[in-house]
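Residue-level listing of the chains:
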Amino acid sequence: MHAMIFVHLPVADVARSRKFFSGLGYAVNETFSSDNAVTLVLGENQFAMLTQRDVFDSLHTAETADASKTKECVVCLGVDRRECVDTLVDGAIAAGATPGDTDDEDFMYGRSYHDLDGHSWQIFWMDPAAT
């Protein structure tokens, strides 16, 4: 149905967010990045655009939520192997993120973290035999 997805999230400091997520191994799509936004490549045709808060605010009339106080969404990303969950989440925490919850089921394993701006990222692995 959809050819691409861009999840837009407001951030306090684009350069700080670029450094944080690049350090976790995310590639940046420079075509869709500027001094006011950095676009992370999450997968094929899947992107997170981290936009400077004042620029983000100018895109709509509704009040922008402070993700450290109010959850506007949780970005859930699947990985290929269970070990990748721990590698990515542990790396995020080591880089300054705060830990979130852990869910360990027979067929699925997931952990979350809250990035430097408080946005929640859920990283999960699902047993291919369960799908």
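Residues numbered from 1 in each chain as written. Predicted model: local features only at pLDDT ≥ 70, side-chain atom pairs only at ≥ 80, totals over all residues. Heavy atoms only, no water.

In the annotation of an unreviewed UniProt entry, the protein is listed under the name Glyoxalase and assigned to Mycolicibacterium phocaicum.

Caption draft 1: Layout of the packing of aromatic side chains. Tallied over the entire structure, the rule returns 7 aromatic pairs. Ring centres 5.3 Å apart and planes at 85° place the aromatic pair F6 and F32 in the edge-to-face group. A residue pair is termed long-range when its members are at least 10 positions apart, and F6 in strand β1 (residues 5-11) and F32 in the loop between β2 (27-28) and β3 (37-43) qualify at 26 residues. For F32, a relative accessible area of 37% corresponds to the partly exposed category. Ring plane angle 65° and centroid distance 6.3 Å describe the contact between F32 and F47, whose orientation is recorded as edge-to-face. Linking F32 in the loop between β2 and β3 with F47 in strand β4 (residues 46-52), this pair joins segments that are 15 residues apart in sequence. For F47, a relative accessible area of 6% puts it in the buried group. (Phe/Tyr/Trp six-rings, centres within 6.5 Å; stacked < 30°, edge-to-face > 60°. Helix = DSSP H or I, 4+ residues; strand = E, 2+ residues; numbered from the N terminus. Buried < 20%, exposed > 50% of the residue type's maximum accessible area, 1.4 Å probe, protein only.)

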